[in-house]
Amino acid sequence: MPAYRAPFIKSSEITSRSLYMKRRQFMTGAIAAGLSGSLASSANAALNAKQSSYIVNDKITPKEDATTYNNYYEFGTSKSDPAAYSGDFKPQPWKIRIDGMVKKPMEFDLQDLMARMPLEERIYRFRCVEAWSMVVPWTGFMLSELLKQVEPLGSAKFVAFQTVLRPEEMPGVGGFAPVLDWPYREGLRLDEAMHPLTIMAVGIYGDVLPNQNGAPIRLVVPWKYGFKSIKSIERITLVDSQPVTAWNVSAPGEYGFYSNVNPERDHPRWSQAQERVLGAGGGFFGGTGKRDTEKFNGYGDEVASLYAGMDLQVNY
Ligand SMILES: Nc1nc2c(c(=O)[nH]1)N[C@H]1C(S)=C(S)[C@@H](COP(=O)(O)O)O[C@H]1N2
Ligand SMILES: [Mo]
């Protein structure tokens, strides 16, 4: 292992980011000018989101990489399967139900919800447990804003999430030996769910989510391994005990409930000390395309206090 080096931001990377921001400003301008009218309902509608201050200065992953190299086992286990086989999935119309230990259980129509929630664009690091990573602009809103509307009861301690299950639209579901115990399920502690970094994303790269990235609405928790960021959510339930999660059921020794990004705790079958950055693989200008993985994926200042006093080797 190489010694730790502080991340070095090349001027070319800074340039690509500011170019991206300019393009975003242009899109926002186009919307303000009323050019977006019919776009709003089309499949690649530009979303009218304000630029958030939650950004990182890392080079943004090419959209092509983030939308063709995916994990979404409902559509197959190869990285290219979700983009290739999610064409029949119908993300509209969509309802999302929030129930359990709340004062006001509710069912939201996603279009209504998106019109009401203040959408913002955030640039987050995203680290898969398989030791690859990307940096992508998500459009969404804070999960806390959604949960506040249903008024969690004092007894609620965890939040359980569930992906829609539609075997007829999801060719990776079913068969004699299902890869996971469907539906895909995930969970967070209530304080993690209420953290300002935790968002519900409805877009990526300024457009609505493509099916392979979790259309029409998915979770994004940037300090945890990617599998916590559950896709195409149809149900959220507040509960008082730690919920069952799909990967933990499948391999409890490998995938814990917390799954905070942690270079100090290796996966039983591979090191978590470094990550391969999507789209940065040792090209003409050299470099390995790798970087050292940061604890909490670099979000330690914001989230480390959530785990004060906890042994993160035990609570992996
Ligand atoms: N429903 C569902 N959600 C899921 C998955 C999945 O297989 N099914 N894969 C997870 C994993 S392992 C990762 S790394 C991310 C990938 O998100 P992306 O395709 O947008 O990069 O989605 C997560 N959410
Ligand atoms: Mo992942």
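Above: the structure in question.
Residues numbered from 1 in each chain as written. Chains lettered and ligands numbered in written order. Predicted model: local features only at pLDDT ≥ 70, side-chain atom pairs only at ≥ 80, totals over all residues. Heavy atoms only, no water.

Some remarks on the overall build of the chain
Across its full length, the chain holds eight helices and 13 strands. Sequence separation of 24 or more characterises 72% of the internal contacts of the chain that already satisfy a separation of 6 or more. Summing over all exposed atoms, the chain offers an accessible surface of approximately 14,600 Å²; the carbon and sulfur share of this is 55%. (Helix = DSSP H or I, 4+ residues; strand = E, 2+ residues; numbered from the N terminus. Contact = heavy atoms within 4.5 Å. Areas by Shrake-Rupley, 256 points an atom, 1.4 Å probe, with all protein chains shown as cover.)

Brief notes about the packing of aromatic side chains
The full count for this structure, using the stated rule, is 13 aromatic pairs. Between F158 and F257 the ring centres are 5.8 Å apart and the planes differ by 75°, which places this aromatic pair in the edge-to-face class. Highlighted residues: F158 in strand 6 (residues 158-163) and F257 in the loop between helix 7 (246-250) and strand 12 (274-277), separated in sequence by 99 residues. Aromatic side chains F227 and Y255 sit 5.4 Å apart centroid to centroid with 80° between the ring planes, which places their arrangement in the edge-to-face category. With a gap of 28 residues between them, F227 in the loop between strand 10 (218-220) and strand 11 (233-239) and Y255 in the loop between helix 7 and strand 12 connect regions that are remote in the sequence. Of the two residues, F227 and Y255, neither departs from the other in class, the shared state being buried. Each residue in the set F158, F257, Y258, F296 and Y307 is aromatic and connected to the rest through ring pairs, giving one cluster. Directly above the aromatic system of Y316 lies the positively charged group of R265, at a separation of 3.7 Å from the ring centroid. (Phe/Tyr/Trp six-rings, centres within 6.5 Å; stacked < 30°, edge-to-face > 60°. Buried < 20%, exposed > 50% of the residue type's maximum accessible area, 1.4 Å probe, protein only. Lys NZ or Arg CZ within 6 Å of the ring centre and 35° of its normal.)

So, the side chain of E169
Its location among the elements puts E169 in the loop between strand 6 and strand 7 (185-189). On the basis of relative accessible area, E169 is assigned to the buried category, the value being 12%. At a separation of 2.9 Å, a polar atom in the side chain of E169 contacts the main-chain amide nitrogen of K90. (Polar contact = N/O pair within 3.5 Å; in protein donor to acceptor, adjacent residues only side chain to side chain.)

Describing helix 5 (residues 143-150)
Residues that lie three or four places apart on an α-helix share one face, since the helix turns once every 3.6 residues. Taken together, the buried positions of helix 5 are L143, S144, L146, L147 and V150. In an axial view of helix 5, the angular spread of the buried residues amounts to 160°, which keeps them on one side of the axis. Looking one or two residues past helix 5, E151 carries a phi angle of roughly 55°, positive in sign. (Arc of directions from axis to C-beta.)

With respect to the pairing of strand 11
Successive residues of a regular strand alternate their side chains across the two faces of the sheet. In the sheet, strand 2 (residues 95-100) pairs with strand 11 via four bridges, with the strands oriented parallel. Looking at strand 11, one finds that I98 is bridged to I236. (Pairing = 2+ DSSP bridges.)

Things to note about the environment of V261
Assignment of secondary structure puts V261 in the loop between helix 7 and strand 12. Of the residues examined, V261 reaches a relative accessible area of 0% and is grouped as buried. Separated by 37 residues in the primary sequence, V261 and K224 place their C-alpha atoms 5.0 Å from one another. For V261, the residues in contact, after removing those within four places along its chain, are R127, W223, K224, Y225, T293, E294, K295, F296 and N297.

Some details on the pairing of strand 5 (residues 132-142)
Counting buried positions along strand 5 yields 11 of 11 residues, so the element is predominantly enclosed. Summarising the sheet, strand 4 (residues 120-127) and strand 5 pair through eight bridges and their orientation is antiparallel. Looking at strand 5, one finds that I123 is bridged to P137. If you look at the hairpin formed by strand 4 and strand 5, you'll find four residues sitting between the two strands, and A131 has a positive phi there, around 75°.

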